[in-house]
Amino acid sequence: MTQPLNGAFPDTKPHYAILDGLRGVAALVVVCFHLFEAYATSHLDQRINHGYLAVDFFFLLSGFVIGYAYDDRWRRLTVGEFLKRRLVRLHPMILFGALLGGAMFYVQECPVWDVASVSLGALAVATLLNALLLPAPVGCEIRGLGEMYPLNGPSWSLLFEYIANLCYALFIHRLSTRALAGLVAATGAGLTLYATLGPLGDICVGYSLTGMEFLGGMLRVLFAFPAGLLLYRLFRRGGALRVRGAFWWSGAAVVALLAVPRIGGADARWMNGLYDTLCAVAAFPLLVWIGASGQTTGRFTGALCRFLGAISYPLYIVHYPFIYLYYGWVKREQLTFGESLPGAAALVAGCLLLAWVSLKYYDIPIRKWLTERLIRRSARPTGPNHTTP
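Scope of this entry: the structure provided in the associated data block. Here the structure is a predicted model, which means the values were calculated and not measured.

### Thoughts on the overall build of the protein chain
No. 1: When helices and strands are counted, the protein chain shows 11 helices and zero strands.
No. 2: The order of α-helices and β-strands along the protein chain, N terminus first, is α-α-α-α-α-α-α-α-α-α-α.
No. 3: By the compact-globule yardstick of 21 Å for 389 residues, the protein chain fits well, its C-alpha radius of gyration being 21 Å.
No. 4: Seen along its three principal axes, the alpha-carbon backbone of the protein chain occupies a region of about 65 × 45 × 45 Å.
No. 5: Burial analysis of the protein chain (389 residues in total) assigns 54% to the buried set.
No. 6: A separation threshold of at least 6 residues defines the contact pool for the protein chain, and within that pool the share at least 24 residues apart is 79%.

What follows is the structure, encoded as C-alpha coordinates:
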(Lines give C-alpha, C1' and ligand atoms only; values in the text may rest on other atoms or scores of the structure.)
Protein backbone atom coordinates (compact mmCIF):
# COMPACT_ATOMS: atom_id res chain seq x y z
CA MET A 1 0.00 0.00 0.00
CA THR A 2 1.03 3.61 -0.57
CA GLN A 3 0.09 7.05 0.60
CA PRO A 4 -2.03 8.83 -2.03
CA LEU A 5 -0.77 11.83 -3.98
CA ASN A 6 -4.12 13.57 -3.77
CA GLY A 7 -5.40 12.97 -0.24
CA ALA A 8 -7.25 15.86 1.36
CA PHE A 9 -8.43 14.19 4.57
CA PRO A 10 -5.90 13.98 7.42
CA ASP A 11 -7.02 10.43 8.25
CA THR A 12 -6.84 9.04 4.73
CA LYS A 13 -5.78 5.39 4.84
CA PRO A 14 -2.95 4.09 2.66
CA HIS A 15 -4.15 3.18 -0.82
CA TYR A 16 -4.04 -0.12 -2.66
CA ALA A 17 -1.46 1.07 -5.18
CA ILE A 18 -2.26 -1.46 -7.90
CA LEU A 19 -5.98 -0.71 -7.73
CA ASP A 20 -5.16 2.98 -8.16
CA GLY A 21 -3.07 2.11 -11.19
CA LEU A 22 -5.80 -0.06 -12.70
CA ARG A 23 -8.31 2.77 -12.30
CA GLY A 24 -5.98 5.00 -14.29
CA VAL A 25 -5.55 2.37 -17.01
CA ALA A 26 -9.33 2.06 -17.32
CA ALA A 27 -9.70 5.85 -17.51
CA LEU A 28 -7.23 5.98 -20.40
CA VAL A 29 -9.18 3.26 -22.20
CA VAL A 30 -12.35 5.31 -21.73
CA VAL A 31 -10.71 8.30 -23.45
CA CYS A 32 -9.70 6.11 -26.41
CA PHE A 33 -13.15 4.48 -26.52
CA HIS A 34 -14.77 7.90 -26.76
CA LEU A 35 -12.33 8.97 -29.49
CA PHE A 36 -13.54 6.11 -31.68
CA GLU A 37 -17.16 7.20 -31.30
CA ALA A 38 -16.44 9.64 -34.13
CA TYR A 39 -16.07 6.73 -36.57
CA ALA A 40 -18.74 4.31 -35.33
CA THR A 41 -22.15 3.96 -36.94
CA SER A 42 -23.55 1.97 -33.99
CA HIS A 43 -22.46 -0.10 -31.01
CA LEU A 44 -21.82 -2.96 -33.44
CA ASP A 45 -18.80 -1.44 -35.19
CA GLN A 46 -17.35 0.72 -32.39
CA ARG A 47 -13.62 0.15 -31.92
CA ILE A 48 -12.41 -0.61 -28.40
CA ASN A 49 -15.93 -1.92 -28.38
CA HIS A 50 -16.40 -2.67 -24.70
CA GLY A 51 -14.82 0.48 -23.32
CA TYR A 52 -18.13 1.32 -21.67
CA LEU A 53 -17.54 -1.55 -19.23
CA ALA A 54 -14.84 0.59 -17.59
CA VAL A 55 -17.71 2.29 -15.73
CA ASP A 56 -18.70 -1.04 -14.18
CA PHE A 57 -15.06 -1.54 -13.21
CA PHE A 58 -15.05 1.93 -11.62
CA PHE A 59 -18.22 1.15 -9.64
CA LEU A 60 -16.71 -2.14 -8.44
CA LEU A 61 -13.50 -0.42 -7.39
CA SER A 62 -15.52 2.27 -5.64
CA GLY A 63 -17.44 -0.28 -3.57
CA PHE A 64 -14.19 -2.01 -2.61
CA VAL A 65 -12.32 1.13 -1.54
CA ILE A 66 -15.34 2.69 0.18
CA GLY A 67 -15.70 -0.50 2.21
CA TYR A 68 -12.00 -0.38 3.06
CA ALA A 69 -12.10 3.30 3.98
CA TYR A 70 -15.36 3.45 5.93
CA ASP A 71 -16.75 0.07 6.95
CA ASP A 72 -14.91 0.18 10.30
CA ARG A 73 -15.85 3.80 11.09
CA TRP A 74 -19.61 3.73 11.44
CA ARG A 75 -19.63 3.65 15.24
CA ARG A 76 -18.33 7.22 15.19
CA LEU A 77 -19.29 8.37 11.68
CA THR A 78 -22.68 9.87 10.89
CA VAL A 79 -24.49 9.65 7.57
CA GLY A 80 -24.16 13.41 7.15
CA GLU A 81 -20.43 13.33 7.81
CA PHE A 82 -19.91 10.54 5.29
CA LEU A 83 -21.91 12.36 2.62
CA LYS A 84 -19.97 15.56 3.23
CA ARG A 85 -16.75 13.64 2.71
CA ARG A 86 -18.01 12.21 -0.57
CA LEU A 87 -19.20 15.65 -1.68
CA VAL A 88 -15.78 17.12 -0.94
CA ARG A 89 -14.08 14.25 -2.78
CA LEU A 90 -16.22 14.26 -5.92
CA HIS A 91 -17.92 17.57 -6.51
CA PRO A 92 -15.09 20.05 -7.11
CA MET A 93 -14.17 18.22 -10.32
CA ILE A 94 -17.83 17.89 -11.30
CA LEU A 95 -18.07 21.69 -11.09
CA PHE A 96 -14.83 22.05 -13.06
CA GLY A 97 -16.12 19.71 -15.78
CA ALA A 98 -19.42 21.59 -16.05
CA LEU A 99 -17.69 24.95 -16.44
CA LEU A 100 -15.24 23.50 -18.95
CA GLY A 101 -18.08 22.02 -20.97
CA GLY A 102 -20.00 25.29 -20.91
CA ALA A 103 -16.95 27.32 -21.93
CA MET A 104 -16.24 25.06 -24.90
CA PHE A 105 -19.81 24.56 -26.11
CA TYR A 106 -19.90 27.14 -28.90
CA VAL A 107 -16.68 25.87 -30.52
CA GLN A 108 -18.04 22.31 -30.81
CA GLU A 109 -20.01 22.87 -34.02
CA CYS A 110 -20.93 19.61 -35.71
CA PRO A 111 -23.37 18.35 -38.37
CA VAL A 112 -24.91 16.13 -35.70
CA TRP A 113 -25.85 19.03 -33.40
CA ASP A 114 -26.32 22.77 -33.91
CA VAL A 115 -24.63 24.74 -31.16
CA ALA A 116 -25.33 28.09 -32.88
CA SER A 117 -29.07 27.73 -32.26
CA VAL A 118 -28.61 27.47 -28.49
CA SER A 119 -29.09 30.73 -26.59
CA LEU A 120 -26.74 31.95 -23.88
CA GLY A 121 -29.58 31.61 -21.39
CA ALA A 122 -30.13 27.96 -22.29
CA LEU A 123 -26.39 27.32 -22.02
CA ALA A 124 -26.27 29.00 -18.61
CA VAL A 125 -29.14 26.82 -17.37
CA ALA A 126 -27.45 23.69 -18.73
CA THR A 127 -24.18 24.66 -17.05
CA LEU A 128 -25.92 25.22 -13.72
CA LEU A 129 -27.74 21.89 -13.93
CA ASN A 130 -24.51 20.06 -14.73
CA ALA A 131 -22.67 21.84 -11.91
CA LEU A 132 -25.36 20.74 -9.46
CA LEU A 133 -25.41 17.27 -11.05
CA LEU A 134 -29.09 17.65 -11.89
CA PRO A 135 -30.01 15.78 -15.10
CA ALA A 136 -31.48 17.66 -18.03
CA PRO A 137 -35.13 16.66 -18.57
CA VAL A 138 -35.81 14.40 -21.54
CA GLY A 139 -36.32 16.50 -24.68
CA CYS A 140 -34.97 19.65 -23.05
CA GLU A 141 -31.23 19.15 -23.22
CA ILE A 142 -29.32 21.53 -25.45
CA ARG A 143 -27.28 19.13 -27.60
CA GLY A 144 -30.25 17.07 -28.70
CA LEU A 145 -28.70 13.65 -28.06
CA GLY A 146 -30.86 12.74 -25.08
CA GLU A 147 -27.97 12.95 -22.59
CA MET A 148 -28.60 13.80 -18.95
CA TYR A 149 -25.51 16.03 -19.05
CA PRO A 150 -25.06 17.48 -22.55
CA LEU A 151 -22.05 19.61 -21.58
CA ASN A 152 -20.04 16.74 -20.12
CA GLY A 153 -21.63 13.40 -20.92
CA PRO A 154 -19.74 11.14 -18.46
CA SER A 155 -21.19 13.10 -15.53
CA TRP A 156 -24.08 10.60 -15.59
CA SER A 157 -21.90 8.00 -13.86
CA LEU A 158 -21.19 10.44 -11.02
CA LEU A 159 -24.93 10.76 -10.43
CA PHE A 160 -25.10 6.98 -10.00
CA GLU A 161 -21.98 7.06 -7.83
CA TYR A 162 -23.77 9.51 -5.52
CA ILE A 163 -26.84 7.26 -5.49
CA ALA A 164 -24.67 4.29 -4.52
CA ASN A 165 -22.93 6.32 -1.80
CA LEU A 166 -26.28 7.42 -0.40
CA CYS A 167 -27.56 3.83 -0.36
CA TYR A 168 -24.35 2.71 1.33
CA ALA A 169 -24.67 5.37 4.02
CA LEU A 170 -28.36 4.75 4.69
CA PHE A 171 -28.54 0.97 4.73
CA ILE A 172 -25.99 -1.05 2.74
CA HIS A 173 -23.21 -0.63 5.30
CA ARG A 174 -25.56 -2.10 7.92
CA LEU A 175 -26.09 -5.32 5.97
CA SER A 176 -24.45 -8.50 7.14
CA THR A 177 -22.12 -10.15 4.66
CA ARG A 178 -24.78 -12.77 3.96
CA ALA A 179 -27.46 -10.16 3.31
CA LEU A 180 -25.04 -8.19 1.15
CA ALA A 181 -24.35 -11.33 -0.88
CA GLY A 182 -28.11 -11.71 -1.37
CA LEU A 183 -28.36 -8.13 -2.65
CA VAL A 184 -25.46 -8.71 -5.04
CA ALA A 185 -27.04 -11.94 -6.30
CA ALA A 186 -30.39 -10.25 -6.90
CA THR A 187 -28.99 -7.23 -8.72
CA GLY A 188 -26.57 -9.45 -10.62
CA ALA A 189 -29.49 -11.53 -11.85
CA GLY A 190 -31.30 -8.38 -12.94
CA LEU A 191 -28.21 -7.11 -14.76
CA THR A 192 -27.81 -10.47 -16.51
CA LEU A 193 -31.40 -10.44 -17.71
CA TYR A 194 -31.08 -6.86 -18.90
CA ALA A 195 -27.86 -7.57 -20.79
CA THR A 196 -28.90 -10.85 -22.43
CA LEU A 197 -32.64 -10.36 -23.01
CA GLY A 198 -32.82 -6.59 -23.44
CA PRO A 199 -33.05 -4.86 -26.81
CA LEU A 200 -29.43 -3.65 -26.93
CA GLY A 201 -27.41 -6.74 -26.13
CA ASP A 202 -25.10 -4.70 -23.93
CA ILE A 203 -25.04 -2.57 -20.79
CA CYS A 204 -23.79 0.62 -22.45
CA VAL A 205 -26.62 2.48 -20.72
CA GLY A 206 -27.30 5.01 -18.00
CA TYR A 207 -26.58 8.32 -19.68
CA SER A 208 -30.23 9.19 -20.40
CA LEU A 209 -33.38 9.58 -18.31
CA THR A 210 -35.43 7.36 -20.60
CA GLY A 211 -36.92 4.34 -18.83
CA MET A 212 -34.70 1.53 -20.11
CA GLU A 213 -31.56 3.70 -20.00
CA PHE A 214 -32.04 4.78 -16.40
CA LEU A 215 -33.05 1.27 -15.32
CA GLY A 216 -29.90 -0.10 -16.90
CA GLY A 217 -27.76 2.49 -15.12
CA MET A 218 -29.34 1.62 -11.78
CA LEU A 219 -28.74 -2.10 -12.34
CA ARG A 220 -25.12 -1.42 -13.22
CA VAL A 221 -24.34 0.54 -10.07
CA LEU A 222 -26.56 -1.46 -7.70
CA PHE A 223 -24.72 -4.59 -8.73
CA ALA A 224 -21.15 -3.34 -9.06
CA PHE A 225 -20.90 -1.09 -6.00
CA PRO A 226 -22.31 -3.65 -3.49
CA ALA A 227 -20.26 -6.35 -5.26
CA GLY A 228 -17.12 -4.31 -4.62
CA LEU A 229 -18.09 -3.93 -0.96
CA LEU A 230 -18.75 -7.67 -0.69
CA LEU A 231 -15.41 -8.37 -2.36
CA TYR A 232 -13.64 -6.22 0.24
CA ARG A 233 -15.36 -7.97 3.14
CA LEU A 234 -14.35 -11.36 1.77
CA PHE A 235 -10.83 -10.16 0.95
CA ARG A 236 -10.14 -8.87 4.44
CA ARG A 237 -10.82 -12.35 5.82
CA GLY A 238 -7.76 -13.62 3.98
CA GLY A 239 -6.98 -15.55 0.84
CA ALA A 240 -4.75 -13.15 -1.06
CA LEU A 241 -4.06 -14.24 -4.64
CA ARG A 242 -0.41 -13.39 -5.29
CA VAL A 243 0.57 -12.82 -8.91
CA ARG A 244 4.07 -11.72 -9.88
CA GLY A 245 3.85 -8.45 -11.81
CA ALA A 246 0.21 -8.07 -10.74
CA PHE A 247 -0.18 -4.52 -12.05
CA TRP A 248 1.16 -5.29 -15.51
CA TRP A 249 -0.82 -8.50 -15.96
CA SER A 250 -4.01 -7.01 -14.53
CA GLY A 251 -3.62 -3.79 -16.51
CA ALA A 252 -3.12 -5.74 -19.73
CA ALA A 253 -6.22 -7.80 -18.89
CA VAL A 254 -8.31 -4.66 -18.35
CA VAL A 255 -7.24 -3.27 -21.73
CA ALA A 256 -7.86 -6.60 -23.48
CA LEU A 257 -11.32 -7.10 -21.97
CA LEU A 258 -12.42 -3.59 -22.88
CA ALA A 259 -11.00 -3.80 -26.41
CA VAL A 260 -12.75 -7.03 -27.43
CA PRO A 261 -14.83 -6.48 -30.61
CA ARG A 262 -18.60 -6.78 -30.54
CA ILE A 263 -19.71 -10.38 -30.09
CA GLY A 264 -22.63 -11.98 -31.92
CA GLY A 265 -23.61 -9.12 -34.20
CA ALA A 266 -27.14 -7.84 -34.74
CA ASP A 267 -28.65 -11.32 -35.00
CA ALA A 268 -27.35 -12.65 -31.69
CA ARG A 269 -27.23 -9.68 -29.36
CA TRP A 270 -27.57 -11.94 -26.32
CA MET A 271 -24.03 -13.20 -26.90
CA ASN A 272 -22.57 -9.76 -26.37
CA GLY A 273 -24.83 -9.28 -23.35
CA LEU A 274 -23.45 -12.51 -21.92
CA TYR A 275 -19.91 -11.24 -22.45
CA ASP A 276 -20.75 -7.99 -20.65
CA THR A 277 -22.22 -9.98 -17.78
CA LEU A 278 -19.17 -12.25 -17.47
CA CYS A 279 -16.87 -9.23 -17.36
CA ALA A 280 -18.97 -7.50 -14.69
CA VAL A 281 -19.65 -10.47 -12.42
CA ALA A 282 -16.51 -12.60 -12.86
CA ALA A 283 -13.54 -11.05 -14.66
CA PHE A 284 -13.54 -7.65 -12.98
CA PRO A 285 -13.91 -9.00 -9.42
CA LEU A 286 -11.02 -11.39 -10.11
CA LEU A 287 -8.82 -8.53 -11.33
CA VAL A 288 -9.69 -6.41 -8.29
CA TRP A 289 -8.82 -9.33 -5.99
CA ILE A 290 -5.48 -9.81 -7.75
CA GLY A 291 -4.78 -6.09 -7.65
CA ALA A 292 -5.60 -5.82 -3.95
CA SER A 293 -3.39 -8.84 -3.23
CA GLY A 294 -0.39 -7.56 -5.14
CA GLN A 295 2.46 -5.24 -4.28
CA THR A 296 4.40 -2.80 -6.42
CA THR A 297 8.00 -3.91 -5.98
CA GLY A 298 9.74 -1.64 -8.48
CA ARG A 299 10.16 2.11 -8.09
CA PHE A 300 8.87 2.81 -11.60
CA THR A 301 5.76 0.66 -11.19
CA GLY A 302 4.95 2.26 -7.86
CA ALA A 303 5.34 5.77 -9.24
CA LEU A 304 3.28 4.90 -12.31
CA CYS A 305 0.45 3.48 -10.20
CA ARG A 306 0.40 6.56 -7.98
CA PHE A 307 0.34 8.86 -11.00
CA LEU A 308 -2.38 6.91 -12.80
CA GLY A 309 -4.49 6.75 -9.66
CA ALA A 310 -4.09 10.46 -9.01
CA ILE A 311 -5.10 11.60 -12.50
CA SER A 312 -7.76 8.96 -13.20
CA TYR A 313 -10.73 10.93 -11.88
CA PRO A 314 -9.68 14.34 -13.27
CA LEU A 315 -8.98 12.70 -16.64
CA TYR A 316 -12.41 11.10 -16.67
CA ILE A 317 -14.01 14.46 -15.93
CA VAL A 318 -12.07 16.76 -18.27
CA HIS A 319 -11.74 14.71 -21.45
CA TYR A 320 -15.26 14.68 -22.85
CA PRO A 321 -15.67 18.37 -23.78
CA PHE A 322 -12.62 17.80 -25.99
CA ILE A 323 -14.22 14.64 -27.40
CA TYR A 324 -17.19 16.78 -28.54
CA LEU A 325 -14.69 19.12 -30.20
CA TYR A 326 -12.82 16.24 -31.85
CA TYR A 327 -16.07 14.58 -32.95
CA GLY A 328 -17.26 17.77 -34.60
CA TRP A 329 -13.92 18.24 -36.38
CA VAL A 330 -13.92 14.67 -37.74
CA LYS A 331 -17.52 14.91 -38.94
CA ARG A 332 -17.15 18.34 -40.53
CA GLU A 333 -13.97 17.41 -42.40
CA GLN A 334 -15.04 13.78 -43.00
CA LEU A 335 -11.69 12.51 -41.76
CA THR A 336 -10.46 8.96 -41.48
CA PHE A 337 -8.80 7.86 -38.27
CA GLY A 338 -5.40 7.95 -39.97
CA GLU A 339 -5.98 11.53 -41.10
CA SER A 340 -7.08 12.61 -37.64
CA LEU A 341 -4.46 10.62 -35.71
CA PRO A 342 -2.28 13.66 -34.85
CA GLY A 343 -5.36 15.38 -33.45
CA ALA A 344 -6.30 12.29 -31.45
CA ALA A 345 -2.79 12.03 -30.02
CA ALA A 346 -2.82 15.73 -29.12
CA LEU A 347 -6.21 15.30 -27.43
CA VAL A 348 -4.98 12.44 -25.24
CA ALA A 349 -1.76 14.26 -24.31
CA GLY A 350 -3.59 17.52 -23.68
CA CYS A 351 -6.22 15.86 -21.49
CA LEU A 352 -3.53 14.12 -19.45
CA LEU A 353 -1.80 17.47 -18.92
CA LEU A 354 -5.05 19.24 -18.04
CA ALA A 355 -5.98 16.42 -15.65
CA TRP A 356 -2.68 16.81 -13.81
CA VAL A 357 -2.84 20.62 -13.73
CA SER A 358 -6.45 20.65 -12.54
CA LEU A 359 -5.62 18.08 -9.88
CA LYS A 360 -2.60 19.94 -8.53
CA TYR A 361 -3.76 23.54 -8.77
CA TYR A 362 -7.53 23.22 -8.38
CA ASP A 363 -8.85 19.92 -7.05
CA ILE A 364 -6.42 19.26 -4.21
CA PRO A 365 -6.38 22.87 -2.92
CA ILE A 366 -10.18 23.14 -3.11
CA ARG A 367 -10.68 19.81 -1.32
CA LYS A 368 -8.24 20.77 1.41
CA TRP A 369 -10.03 24.11 1.86
CA LEU A 370 -13.44 22.41 1.99
CA THR A 371 -12.12 19.76 4.37
CA GLU A 372 -10.88 22.41 6.77
CA ARG A 373 -14.27 24.13 6.81
CA LEU A 374 -16.74 21.29 6.43
CA ILE A 375 -15.03 18.26 7.93
CA ARG A 376 -12.51 19.26 10.58
CA ARG A 377 -14.65 21.96 12.20
CA SER A 378 -17.53 19.53 12.61
CA ALA A 379 -15.12 16.99 14.09
CA ARG A 380 -13.72 19.14 16.92
CA PRO A 381 -12.85 17.02 19.98
CA THR A 382 -15.69 16.49 22.42
CA GLY A 383 -13.74 14.43 24.90
CA PRO A 384 -10.35 12.86 25.60
CA ASN A 385 -11.07 9.75 23.49
CA HIS A 386 -12.32 11.61 20.40
CA THR A 387 -10.68 10.89 17.08
CA THR A 388 -11.47 12.56 13.77
CA PRO A 389 -13.51 10.19 11.58
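Further notes follow.
### Observations concerning the environment of H50
No. 1: Tracing the backbone through its elements, the reader meets H50 in the loop between α1 (17-35) and α2 (54-70).
No. 2: Measuring from C-alpha to C-alpha, the distance between H50 and V30 comes to 9.4 Å, with 20 residues separating the pair along the chain.
No. 3: H50 has contacts with L257, L258, V260, P261, R262, N272, Y275 and D276, leaving out every residue within four places of it along the chain.
No. 4: A distance of 2.7 Å separates the side chain of H50 from the backbone oxygen of V260, its partner in a polar contact.

### Quick look at helix α3 (residues 79-104)
No. 1: Compared with the 38 Å implied by 1.5 Å per residue over 26 residues, the 37 Å span of α3 between its first and last C-alpha is a close match.
No. 2: Along α3, the sharpest kink reaches roughly 35°, centred on L90 and followed within four residues by the proline P92.

### Quick word on a nonpolar patch on the surface
No. 1: Where nonpolar side chains cluster on the molecular surface, the patch consists of F307, L353, W356, V357 and Y361 and spans about 490 Å² of accessible area.
No. 2: With four residues, helix α11 (residues 337-376) is the largest single contributor of residues to the nonpolar patch.

### Section: the pattern of salt bridges
No. 1: If you walk through the whole model with that rule in mind, you get eight salt bridges.
No. 2: Put simply, R233 and D71 hold a salt bridge, and the shortest N to O gap is 3.0 Å. One end of the pair, R233, is in helix α7 (residues 211-235); the other, D71, is in the loop between α2 and α3, with 162 residues separating them in the sequence. Residue R233 shares its accessibility class with D71, and that shared class is buried.
No. 3: D202 is the salt-bridge partner of R262, the closest N and O atoms lying 2.8 Å from each other. One end of the pair, R262, is in the loop between α8 (246-259) and α9 (269-293); the other, D202, is in the loop between α6 (177-197) and α7, and 60 residues separate them in sequence.
No. 4: The class for D202 is buried, based on a relative accessible area of 1%.

### Remarks on the environment of E147
No. 1: Here E147 shows up in the loop between α4 (120-131) and α5 (155-170).
No. 2: In this structure E147 comes out as buried when scored by relative accessible area, which is 11%.
No. 3: Spatially, the C-alpha atom of E147 lies 36 Å from that of W74, the residues being 73 residues apart in sequence.
No. 4: The residues contacting E147, other than those within four sequence positions of it, are A136, E141, G153, Y207, Y320 and Y324.

### Quick word on the side chain of E141
No. 1: Summarising the element assignment, E141 is placed in the loop between α4 and α5.
No. 2: Of the polar contacts made by the side chain of E141, one reaches the backbone nitrogen of L145; its length is 2.4 Å.
No. 3: From its side chain, E141 meets the backbone nitrogen of G146 in a polar contact 2.4 Å long.

### What about the packing of aromatic side chains?
No. 1: Here the structure, examined in full by the defined rule, presents 30 aromatic pairs.
No. 2: An angle of 65° between the planes, with centres 5.8 Å apart, marks the rings of W74 and Y168 as edge-to-face. Taken together, the residues span a long stretch of sequence, with W74 in the loop between α2 and α3 and Y168 in helix α5 at a distance of 94 residues.
No. 3: Centre to centre, the rings of F96 and Y362 are 5.2 Å apart; their planes meet at 40°, and the pair counts as tilted. Taken as a pair, F96 in helix α3 and Y362 in helix α11 lie far apart in primary sequence, 266 residues in all.
No. 4: Cluster of aromatic residues (ring-pair linked, three or more members): Y16, F64, Y68, Y232, F235 and W289.
No. 5: Taking the ring centre of W113 as reference, the NZ or CZ of R143 above it sits at 4.9 Å.

### Quick look at the packing of α7 against α9
No. 1: The contact between α7 and α9 brings their axes to 11 Å, and the two run at 40°. On the basis of their axis angle, the class for α7 and α9 is oblique. Viewed along their axes, α7 and α9 form a crossing whose handedness is right-handed. Between α7 and α9, the contacting residues are F223, L231, L234 and F235 on the first element and A280, V281, P285, V288, W289, A292 and S293 on the second.
No. 2: Broken down by class, the residue content of the contact of α7 with α9 amounts to 10 nonpolar, one polar and no charged.

### Remarks on the side chain of T187
No. 1: Assignment of secondary structure puts T187 in helix α6.
No. 2: By relative accessible area, T187 is classed as buried at 11%.
No. 3: One polar contact links the side chain of T187 to the main-chain carbonyl oxygen of V184, over a distance of 3.3 Å.
No. 4: In this structure the side chain of T187 is engaged in a polar contact, spanning 3.1 Å, whose partner is the backbone oxygen of L222.
No. 5: Dropping the residues within four chain positions of it, T187 is found in contact with L219, L222 and F223.

Calculation rules
- Residues numbered from 1 in each chain as written.
- Predicted model: local features only at pLDDT ≥ 70, side-chain atom pairs only at ≥ 80, totals over all residues.
- Heavy atoms only, no water.
- Helix = DSSP H or I, 4+ residues; strand = E, 2+ residues; numbered from the N terminus.
- Rg over C-alpha atoms; globule rule 2.2 N^0.38 Å.
- Buried < 20%, exposed > 50% of the residue type's maximum accessible area, 1.4 Å probe, protein only.
- Contact = heavy atoms within 4.5 Å.
- Polar contact = N/O pair within 3.5 Å; in protein donor to acceptor, adjacent residues only side chain to side chain.
- Expected span 1.5 Å × (residues − 1).
- Bend = angle between axes of the 7 residues up to and from the residue.
- Patch = residues over 30% accessible without salt bridge, like charges linked within 9 Å, V, L, I, M, F, W, Y side chains within 5 Å.
- Areas by Shrake-Rupley, 256 points an atom, 1.4 Å probe, with all protein chains shown as cover.
- Salt bridge = Lys/Arg side-chain N within 4 Å of Asp/Glu carboxyl O.
- Phe/Tyr/Trp six-rings, centres within 6.5 Å; stacked < 30°, edge-to-face > 60°.
- Lys NZ or Arg CZ within 6 Å of the ring centre and 35° of its normal.
- Axes fitted to C-alpha atoms, helices over the stretch in contact; angles between N-to-C directions.
- Parallel < 35°, antiparallel > 145°, perpendicular 65-115°, else oblique.
- Left-handed = near helix turned anticlockwise from the far one by under 90°.
- Nonpolar A, V, L, I, M, F, W, Y, C, P; charged D, E, K, R; others polar.

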